[in-house]
Amino acid sequence: MKYIPRLPKENVNVSQTSPLKELFFLLAAILGILLLIYIVLGILVNVLIARAPAKIEKVLEVSLSKPFLIKEQTPTEQKVQQLLDSLVKFMPAEEQRKYTVHIIPKQEANALALPGGHIIIFSGLLKEVKSENELAMILAHELGHFVHKDHLRQLGRNLILILLLSIILGPDNSIVEAFQPMIMTAEYKFSRNQETRADEFALELLYKKYGHVGGAFDFFQKMEKKRNLPKFLRYFSTHPFPQERIKILEEIAQKKGYPIKKVIPLHLEISKAVMNRQK
Amino acid sequence: MDALISLISIFVLMLLGYSVGSFVEKVHYASVKKRENQFLDLPAITFRKLPQDKEVIDAQLVMGSVVISLDYFKRFLAGLRHIVGGRIKSYETLLDRARREAILRMKEEARKLGADVILNVRFETAGIKKVKRKQKVGCFEVLAYGTAIKFAK
């Protein structure tokens, strides 16, 4: 036998499919599965949250609201707390329970609802607020989240999804990292509907307390002036855009015949105490 | 905002991995094919026995080793494959290039020794993984080795 040196004509060890095509199909399949899981989880969480015993909220309160539990309320917080308490009186009887205000020094104009009836207000928000009605609207909005159990819903979905992903893929998988932003984006979208519902609730509560809805739109109008983000970023925003919000709220106010009257200016003490705290 | 930034960075890394990765691959394949033709007269075979009719005057171990790393795009594709299973096609070209390059390096060494043939050629493949917190750097080593034989003229 004679040895004739030659190279193989074709390479059997390398697949001839395009990697871009593979990427497309794999991503489509996996995102589809994730979406399905997400929808199923959403339904599951909604069912579970509606039946969740108070004990669950207690457990979540200890683990999530802990940093705010020990602190004594500052004069500012007491002032806001008084306003909150007066609002709670106008809530449906079965929703009336202890809600606590906490102010944290942060530039951002934002407020959060945490398990256990804790309302966290960023000091940046208090700086913007010029009237009692305006602040009441913000507080009532957060109360709306509690009434709709949004604070639990949000946590429930996030917790289950992250748990599920890390079980399937392992804790330090680069894919988890890659998918996390996408999941969070979907989560934001989901929360915008909740925000609108909370707005509706807040408007009604404001009307019950003051007999009119003056000052309800003030805060959003300020936000609208401040915001000049490009349009494509809107998808990533947690809250509905102020302009859309004002429009929705005005429509509701018109439909229900809520009048708009003069607002009560906010007592100076609050603003002063906020400044002190920031120092 | 954070979500957007990480989405963009993933996209940029993927694009970079894909464009640079495929360019480098193309250049490397061209070079491999060219050198394979140049070394065609130096056979590297898996026979273990020496030919009976020729007198061996020199025999020496020759090795060629290549270490290759994954790019972001290939790793992402493989990561998706880890979920659904199946062939990890994105690694195939990488390993194919490494094996052929290893043989070429082995042949280069043998040529320097003036060998006529390389017998009993074997391959070893090893994964070298450096795990630093969450950042994984995946790479492989492919080692080709054999016995370079020189016959009396």
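Calculation notes
- Residues numbered from 1 in each chain as written.
- Chains lettered and ligands numbered in written order.
- Predicted model: local features only at pLDDT ≥ 70, side-chain atom pairs only at ≥ 80, totals over all residues.
- Heavy atoms only, no water.
- Axes fitted to C-alpha atoms, helices over the stretch in contact; angles between N-to-C directions.
- Helix = DSSP H or I, 4+ residues; strand = E, 2+ residues; numbered from the N terminus.
- Parallel < 35°, antiparallel > 145°, perpendicular 65-115°, else oblique.
- Contact = heavy atoms within 4.5 Å.
- Nonpolar A, V, L, I, M, F, W, Y, C, P; charged D, E, K, R; others polar.
- Buried < 20%, exposed > 50% of the residue type's maximum accessible area, 1.4 Å probe, protein only.
- Pairing = 2+ DSSP bridges.
- Core = buried A, V, L, I, M, F, W, Y, C linked by side-chain atoms within 4.5 Å.
- pLDDT = per-residue confidence, 0-100.
- Salt bridge = Lys/Arg side-chain N within 4 Å of Asp/Glu carboxyl O.

What to know about the packing of helix α2 (residues 72-84) of chain B against helix α3 (residues 89-112) of chain B
Packed helices, taken two at a time, are described by the angle their axes make and the gap between the axes. Residues and elements named next belong to chain B. For the pair α2 and α3, the least separation of the axes is 8 Å and the interaxial angle reads 135°. Considering the angle they form, α2 stands oblique to α3. Contacts between α2 and α3 involve Lys74, Arg75, Leu77 and Ala78 from the former and Ser90, Tyr91, Thr93 and Leu94 from the latter. Partitioning the contact of α2 with α3 into residue classes produces four nonpolar, two polar and two charged.

Regarding the pairing of strand β3 (residues 118-122) of chain A
Residues and elements named next belong to chain A. β3 sits mainly inside the fold: five of its five residues count as buried. Burial along β3 is two-sided: His118, Ile120 and Phe122 and Ile119 and Ile121, pointing in opposite directions, are all buried. Direction of pairing for strand β1 (residues 100-104) relative to β3: parallel, over a ladder of five bridges. Pairing of His102 across the sheet is with Ile120, part of β3. Sheet analysis places strand β2 (residues 111-114) next to β3, joined by four bridges and oriented antiparallel. From the neighbouring strand, Leu112 faces β3, where its bridge partner is Ile120. Hairpin connection of β2 to β3: three residues between the antiparallel strands, including Gly116 at a positive phi of 95°.

A few points about the nonpolar core
All names here are of chain A. Counting residues in hydrophobic clusters, the biggest one holds 43 residues, and the most contacted among them are Ile121, Leu139, Leu143 and Leu203. Among the elements that line this core, the one with the most residues is helix α6 (residues 132-147), at nine residues. Non-local contacts of Leu143, meaning those with residues more than four positions away in its chain, are made with Leu84, Leu87, Val88, Met91, Tyr99, Ile119, Phe201 and Leu205.

Quick notes on unusual backbone geometry
Residues and elements named next belong to chain B. In the Ramachandran plot, Asn120 falls in the positive-phi region, its phi being about 50° despite a non-glycine side chain. Relative to the helices and strands, Asn120 resides in strand β2 (residues 117-132). Its relative accessible area of 24% is what places Asn120 among the partly exposed residues.

Some points on the sheet that holds β1 of chain A
Within a sheet, each strand pairs with its neighbour through backbone hydrogen bonds, oriented either parallel or antiparallel. All names here are of chain A. The strand order across the open sheet formed by three strands is β1-β3-β2, and the pairing between neighbours is mixed. The sheet is open, and its two edges are formed by β1 and β2, each paired on a single side. Recorded for the sheet is a direction-independent mean angle of 25° between the axes of neighbouring strands. Each of β1 and β3 is contacted by helix α4 (residues 75-88), which is oriented at about 140° to β1, the strand it contacts most. α6 contacts β1, β2 and β3 of the sheet and is inclined by roughly 30° relative to β2.

Details of the confidence of the model for chain B
Should pLDDT be low for a region, the predicted coordinates there are not to be read in detail. Chain-level statistics for chain B give a pLDDT mean of 88 and a share of 92% at 70 or above. Across the predicted assembly, pTM comes out at 0.55 and ipTM at 0.73.

Overview of the pattern of salt bridges
The final tally for this structure, using the stated rule, is 13 salt bridges over all chains. Lys256 of chain A is paired through a salt bridge with Glu204 of chain A; the nearest N and O atoms lie 3.8 Å apart. A residue pair is termed long-range when its members are at least 10 positions apart, and Lys256 of chain A in helix α10 (residues 242-256) and Glu204 of chain A in helix α8 (residues 174-210) qualify at 52 residues. Linking Glu101 of chain B and Arg105 of chain B is a salt bridge whose minimum nitrogen-to-oxygen distance equals 3.4 Å. Taken as a pair, Glu101 of chain B and Arg105 of chain B lie in helix α3 at a separation of four residues, close to a single helical turn.

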